[in-house]
Amino acid sequence: SRHPARPYTLDYIKAICGNSFLELHGDRNIKDDKAMIAGLGKVKYQTFMFVGTQKGYNTVTRKYRNFGMANPEGYRKALRVMKSAEKFNIPIVCLIDTPGAYPGQEAEERGQGEAIARNIFNMLSIKVPIITIIIGEGASGGALGIGIGDRILMLENTWYSVISPESCSSILWRSWDYKEKAAEALKLTPQDMKKNKLIDKIIKEPLGGAHQNREKVFNTVKNEILESFKELKAISISSLLKKRSDRYISMGVFSD
């Protein structure tokens, strides 16, 4: 999931949408967060609003993209474009690949927790289909801030968890040396997530990972988006919202 040659959000968008992608910028409040990508793009004859976290390819672009860690204005930009998508009845596709939301002091001062919480709250009631795909790392609230959806898909070699294994290890054992043990306990693999009914489907990758055959992965993800949308558009909005809400309310609930 962390291989530097893996395709990132913009790679998927450009491959799937071609020249039709129109990027939208800014949260209309502070600035444009370069770690959060948002914009309109066509997949075949259907327009989608794409939202996703973007990492860099080298030292310069990693710094420019803040290593894929969004600030509060990134989440506010994401919510702004999602509200626009709702207004014009455009389905939403969220692509997640982030080590987490930016944990810096300035991000907290500008309301990082509030921005993520507001996104989660609002995404539960947005009246268009939302398709969420984890294409790399899906860490913490940074991922969940754009992770609410009607269809949750994970690529085969990705992970999705409330906390990264390294952070979990440093909290519980005061050392990163137990990250493998933490990862096993967190049940963060696509297989674990599917078994616990937290996602809907695992998308197969080429042998060796997504970076070994990019075109095949792009085509597979494109087909999954279209297939998911075909299923979701047949469901009434009221039923869609109820199912979306029920999915997250039921998480973590169990009986002996």
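The structure we're discussing is the one just above.
Residues numbered from 1 in each chain as written. Predicted model: local features only at pLDDT ≥ 70, side-chain atom pairs only at ≥ 80, totals over all residues. Heavy atoms only, no water.

## So, the overall build of the protein chain
Within the protein chain, the regular secondary structure consists of 11 helices and 8 strands. Reported as C-alpha extents along the three principal axes, the dimensions of the protein chain are approximately 50 × 50 × 40 Å. Burial analysis of the protein chain (256 residues in total) assigns 50% to the buried set. When contacts within the protein chain are restricted to residue pairs at least 6 apart in sequence, those whose partners lie at least 24 apart make up 71%. Taken as a whole, the protein chain presents about 12,700 Å² of accessible surface, with 54% of it coming from carbon and sulfur. Here the protein chain contributes 39 positive and 28 negative side-chain charges, whose respective centroids are spaced 5 Å apart. (Helix = DSSP H or I, 4+ residues; strand = E, 2+ residues; numbered from the N terminus. Buried < 20%, exposed > 50% of the residue type's maximum accessible area, 1.4 Å probe, protein only. Contact = heavy atoms within 4.5 Å. Areas by Shrake-Rupley, 256 points an atom, 1.4 Å probe, with all protein chains shown as cover. Lys, Arg positive; Asp, Glu negative; His and termini not counted. Charge placed at Lys NZ, Arg CZ, Asp CG, Glu CD.)

## Details of helix 1 (residues 9-17)
Burial analysis of helix 1 places 7 of its 9 residues in the buried class, the great majority of the element. Those residues of helix 1 that sit buried are T9, L10, D11, Y12, I13, I16 and C17. Here the buried face of helix 1 lies against strand 2 (36-43), strand 3 (46-53), strand 4 (92-98), strand 5 (130-139), strand 6 (151-155) and helix 10 (214-232). Directly after helix 1, the chain includes G18, whose backbone phi takes a positive value near 65°.

## Comments concerning the pattern of salt bridges
Evaluated as defined, the whole model comprises 18 salt bridges. Between R76 and E114 there is a salt bridge, and its shortest N-O distance comes to 3.0 Å. One end of the pair, R76, is in helix 3 (residues 72-87); the other, E114, is in helix 5 (residues 112-123), with 38 residues separating them in the sequence. A salt bridge links R244 to D150, with the nearest nitrogen and oxygen atoms 2.8 Å apart. Remark: D150 occurs in the loop between helix 6 (140-144) and strand 6 and R244 occurs in helix 11 (residues 237-250); sequence separation between them is 94 residues. For the pair R244 and D150, one class covers both residues: buried. In the salt-bridge network here, residues are joined through shared partners; they are R2, K55, D97, E137 and E166. (Salt bridge = Lys/Arg side-chain N within 4 Å of Asp/Glu carboxyl O.)

## Brief notes about the nonpolar core
Ranked by internal contacts, the top residues of the largest apolar core, which has 32 residues, are V51, Y75, M82, I92, C94, I146 and Y160. Within the residue set of this core, elements represented by two or more residues are strand 2, strand 3, helix 3, strand 4, helix 5, strand 5 and strand 6. When residues of this core are assigned to their parent elements, the largest contribution, 5 residues, is made by helix 3. Sequence-distant contacts of V51, defined by excluding residues within four places in its chain, comprise M36, I37, A38, A78, V81, M82, V93, C94, L95 and I146. The next biggest cluster of nonpolar side chains, apart from the first, holds 27 residues, and it includes C17, L155, F229 and L232. (Core = buried A, V, L, I, M, F, W, Y, C linked by side-chain atoms within 4.5 Å.)

## Focus: the packing of helix 3 against helix 5
At a closest axis distance of 8 Å, the pairing of helix 3 and helix 5 adopts a crossing angle of 20°. In this view, helix 3 runs roughly parallel relative to helix 5, as classed from their interaxial angle. As helix 3 packs across helix 5, the resulting crossing turns out to be left-handed. Across the interface between the two elements, P72, Y75, R76, A78, L79, M82 and K83 of helix 3 pack against Q112, E114, A115, I116, R118, N119, N122 and M123 of helix 5. (Axes fitted to C-alpha atoms, helices over the stretch in contact; angles between N-to-C directions. Parallel < 35°, antiparallel > 145°, perpendicular 65-115°, else oblique. Left-handed = near helix turned anticlockwise from the far one by under 90°.)

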